[in-house]
Amino acid sequence: MTWNVLISPSQLSPKCLLLRKAIMVRLLEDFTNRKASEQHGYYVAVNQLKAIAKGKVRVLTGDTLFPVTFTCTTQKPMKGEVMVGYVGKVLRHGVFLRSGPAETIFLSDKVMSEYKYVGGENPVFMSEHSKLVKGAAVRFKVMGLRWMEDDRRFLLLATLAGDFLGPI
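Residues numbered from 1 in each chain as written. Predicted model: local features only at pLDDT ≥ 70, side-chain atom pairs only at ≥ 80, totals over all residues. Heavy atoms only, no water.

The name given to the protein in an unreviewed UniProt entry is DNA-directed RNA polymerase subunit, with the source organism recorded as Eleusine coracana subsp. coracana. Turning to the protein, the UniProt record has this under Function (unreviewed entry): "DNA-dependent RNA polymerase which catalyzes the transcription of DNA into RNA using the four ribonucleoside triphosphates as substrates." In UniProt, the protein has this text filed under Subcellular location (unreviewed entry): "Nucleus". (UniProt positions renumbered as here; feature names shortened; annotations may be inferred.)

(A) Examining the side chain of Ser-108 more closely. Relative to the assigned elements, Ser-108 resides in strand β8 (residues 102-108). Since its relative accessible area comes to 17%, Ser-108 is described here as buried. One polar contact links Ser-108 to Asp-109, side chain to side chain, over a distance of 3.4 Å. In this structure the side chain of Ser-108 is engaged in a polar contact, spanning 3.1 Å, whose partner is the backbone nitrogen of Lys-110. Not counting chain neighbours up to four residues away, the residues in contact with Ser-108 comprise His-93 and Gly-94. (Helix = DSSP H or I, 4+ residues; strand = E, 2+ residues; numbered from the N terminus. Buried < 20%, exposed > 50% of the residue type's maximum accessible area, 1.4 Å probe, protein only. Polar contact = N/O pair within 3.5 Å; in protein donor to acceptor, adjacent residues only side chain to side chain. Contact = heavy atoms within 4.5 Å.)

(B) Structural context of the nonpolar core. One finds Val-95, Leu-97, Leu-107, Met-112, Leu-132, Phe-140 and Leu-160 to be the most contacted residues of the largest nonpolar core, which totals 23 residues. Those elements giving two or more residues to this core turn out to be β6 (82-91), β7 (94-99), β8, β12 (137-148) and β13 (153-159). Per-element accounting of this core gives the leading share, four residues, to β12. With sequence-adjacent residues up to four places away left out, Leu-132 is seen in contact with Val-90, Val-95, Leu-107, Met-112, Tyr-115, Val-124, Phe-125, Val-138, Leu-160 and Pro-167. Within the second largest apolar cluster, 15 residues are counted, among which are Val-5, Leu-19, Tyr-43 and Phe-66. (Core = buried A, V, L, I, M, F, W, Y, C linked by side-chain atoms within 4.5 Å.)

(C) Highlighting the pattern of salt bridges. Under the defined criterion, the tally for this structure stands at three salt bridges. Of the charged contacts in the structure, one is a salt bridge between Asp-30 and Arg-26, with a shortest N-O distance of 3.2 Å. Of this pair, Asp-30 and Arg-26 are both found in helix α1 (residues 16-34), four residues apart, which corresponds to roughly one turn of the helix. Asp-151 is the partner of Arg-153 in a salt bridge, and the nearest nitrogen-oxygen pair spans 3.1 Å. Given the relative accessible area of 25%, Arg-153 is considered partly exposed. (Salt bridge = Lys/Arg side-chain N within 4 Å of Asp/Glu carboxyl O.)

Okay, here's the thing in structure tokens:
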């Protein structure tokens with residue numbers, strides 16, 4: 001992957017090691033701030049810095065733009081993928097799950113026909129053999145997803161329909 005990293009004049013130094021460090025720190029900051037993209041999914045970690053191309057100075061600001069090539073780990077949810085998540089919130093109409101960087105996964109009560117909602121101080125979805133309670137681990141299948149550009153995240157719809165799916 002190649003990104004442009006912008007370094008301010010105050011971070012530039014004749015010593016190459018400090019420049020390389022400043023570029024790496026800025027790359028990691030940008031990596032954290034971007035969070036995700038529709039094409040690649042969630043950005044998890046930078047693995048290796050492959051190359052730093054020659055910088056180009058911006059005339060008006062004095063900032064230097066360095067094209068940086070690196071490898072990274074990403075996680076992009078796909079329709080039909082089986083994932084493991086944790087119950088974050090139990091509501092009357094379904095359950096919100098979290099799985100890795102994906103924090104907005106909805107499991108509707110409509111696709112959990114064998115589970116019944118039990119309200120109270122600690123709401124829960126109960127079936128004959130198991131229950132979905134806050135903090136429980138759940139294996140689920142991604143039924144659908146949508147990219148939200150404003151929030152830079154994916155919204156996922158989950159289901160428990162299938163073999164070996166449900167609370168773990």
